[in-house]
Amino acid sequence: MDHLLPPEIADADRAFPEALAACGDLDALLRLKGAYIGREGSHAARLMDLLKAAPKEQKRDLGAAINGLKNRWEEALKARQAEVEAARKATGAQLWDKSLPPPLPPRGALHPLNRLMDRLVDVFRPLGFHVEEGPEVETEAHNFDGLNIPADHPARGSADTFYLAGHPGLLLRTHTSPVQVRTLKNLAPKILEMGGIRFLAPGRVYRKDEIDPTHSPMFHQVEGMLVGHDIGMHHLKGTLEYALRALFGPTTEIRLRPSYFPFVEPGCEVDVSCPLCGAKGCRVCKGSGWVEILGAGLIHPNVLSLAGIDPAEWSGWAFGMGVERMAMMLSQTPDLRLFFENDQRFLKAMGGLD
Ligand code: DAH
C-alpha cells in the first residue's frame, strides 16, 4: 500500500525518527508536530488532499496507508513529548510562557493596627496636633511619679508591671501617658511662646496580663494631650465628639461618665454609641447601645507643676485610648490574638496585604 504514497512523503517518513530525536524541548517538538500532522500545510494535510483527489478504487488502500502513517507519527510524537517532559521535570526547569505577565513578589503593607493609629493621627492633624514619641523602656519617674500616681498605687506593683531585672527604676511603660510627662518637660520653656501645645502619642505598652481573647501583655494606646489657656471639659468633649465621629461615622453620639485617673481632675470614661448596631443593642455593646472607648480628663495641676508649667496660667485635657479594642470593634474581630499572630490570611482579610 505504501507504494501509493508520493516519494516526498516517504522521504519525510525516513527523516522523521532523526528529526524527532533532535527535539530537545517542547517548542521544537510542537514545531515538528505541526510540520507532520498539523491541520494545515503539514505532510498529513497534504496526504488528506491526495486522498480526496484519488480515484474511487484507490481510496480504501490509500486511506489505510495514510492513517497508518499518521498514527505512527502521532504515537512517536506523544512518546517523545513524555520523554522531554520527564527530562524537564528531572532538571527542575520551568516551562516559561513569555506571553504571561511576570509574577510579582508579594508586597508588604502596614499592619492593620498601625493603619488605625495613622488614621487617628490623620483625624487630629488638621486640628493642630503633631506626633510625639517616647521610649518603651521607661523610668518609674515618667511612668508613675510625673503622672501624680501615688507611691502605693497598685499599678506600680510587680504583679502588674514589668520591671527590668537588675535595673532599679526602669520598666516597660504600662501606658502612653509618660509621653505627656516627657513632652511637657521638654517643651516647658517653649510652651509660653508657642501659646500651648497639642499632640498625640501612639505606641506600644506592656502589662502583666494573661493572654486571652481580650488581653495581651503587649498592646497599643494612643495618648492625646492639649495644653492652653482656660481649657475646660467642653473643649475635651467637643474635640472627642469631632474625632470619634470622623472615626465611627457622623451619627455617632458620645457620653462622658465620671471616673478616676490620678493624672486628671475631673476624670472620665468616654463611650460611643455602638457603631455596629446604631445603638440598638448587640453583642459588641452587650445590649447597652454604648461602648467604652477611652479614658480622659482635665490635666491634674500636679502634672503640670511637676513638669515645670504653672497650673495657675495653663490648663488642658488629656485622653488615652486602647487601639486593639477599637480595631476589634471596627473589624468585628472577636479575638485580639489574631492581630499578633501574623497569619497572612487574617492580615489580607483586614486589607493589610495586597
Ligand atoms: N493611661 C490610662 C490607662 O492606661 C488611660 C488614660 C486615662 C490616659 C485618662 C489619659 C487620661 O491621658 O487622661 O488606662
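Residues numbered from 1 in each chain as written. Predicted model: local features only at pLDDT ≥ 70, side-chain atom pairs only at ≥ 80, totals over all residues. Heavy atoms only, no water.

(A) Main features of the packing of helix α1 (residues 7–22) against helix α4 (residues 56–91). Two elements in contact, α1 and α4, have axes separated by 11 Å at closest approach and are oriented at 10 degrees. Here α4 runs roughly parallel to α1, going by the angle between their axes. Side by side, α1 and α4 meet where Ile9, Asp13, Phe16, Leu20 and Ala21 of the first sit next to Leu69, Arg72, Trp73, Ala76, Leu77 and Arg80 of the second. Here the contact of α1 with α4 is composed, by residue class, of 8 nonpolar, no polar and 3 charged. (Axes fitted to C-alpha atoms, helices over the stretch in contact; angles between N-to-C directions. Helix = DSSP H or I, 4+ residues; strand = E, 2+ residues; numbered from the N terminus. Parallel < 35°, antiparallel > 145°, perpendicular 65-115°, else oblique. Contact = heavy atoms within 4.5 Å. Nonpolar A, V, L, I, M, F, W, Y, C, P; charged D, E, K, R; others polar.)

(B) Spotlight on the state of the cysteines. In this structure the tally under the stated criterion is 0 disulfides. The closest cysteine sulfur to the non-disulfide-bonded Cys282 is located on Cys277, 3.6 Å from its own sulfur. Cys285 takes part in no disulfide bond, and the closest cysteine sulfur, belonging to Cys277, lies 3.7 Å away. (Disulfide = S-S within 2.5 Å.)

(C) Spotlight on helix α7 (residues 178–194). The largest bend in α7 comes to about 70 degrees, at Ala188, with the proline Pro189 one to four residues further on. Each element contacted by the buried residues of α7 is listed here: β2 (137–139), α6 (140–143), β4 (197–206), β5 (218–228), α9 (301–306) and β9 (315–322). (Bend = angle between axes of the 7 residues up to and from the residue.)

(D) Summary view of the domain arrangement of the protein chain. Per the domain assignment, the segments making up the protein chain are domain 1 (2–95) and domain 2 (112–349). The distance between the C-alpha centroids of domain 1 and domain 2 comes to 78 Å. (Domains from an automatic or database assignment.)

(E) Broad picture of the packing of aromatic side chains. One pass over the full model with this rule turns up 9 aromatic pairs. Pairing Phe16 with Trp73 gives two aromatic rings, centres 6.0 Å apart and planes at 45 degrees, and the pair type is tilted. Taken together, the residues Phe16 in helix α1 and Trp73 in helix α4 connect sequence positions 57 residues apart. For the pair Phe16 and Trp73, a shared accessibility class is recorded, and that class is buried. Taken together through their ring pairs, the aromatic side chains of Phe124, Phe129, Trp317 and Phe319 make up a single cluster. (Phe/Tyr/Trp six-rings, centres within 6.5 Å; stacked < 30°, edge-to-face > 60°. Buried < 20%, exposed > 50% of the residue type's maximum accessible area, 1.4 Å probe, protein only.)

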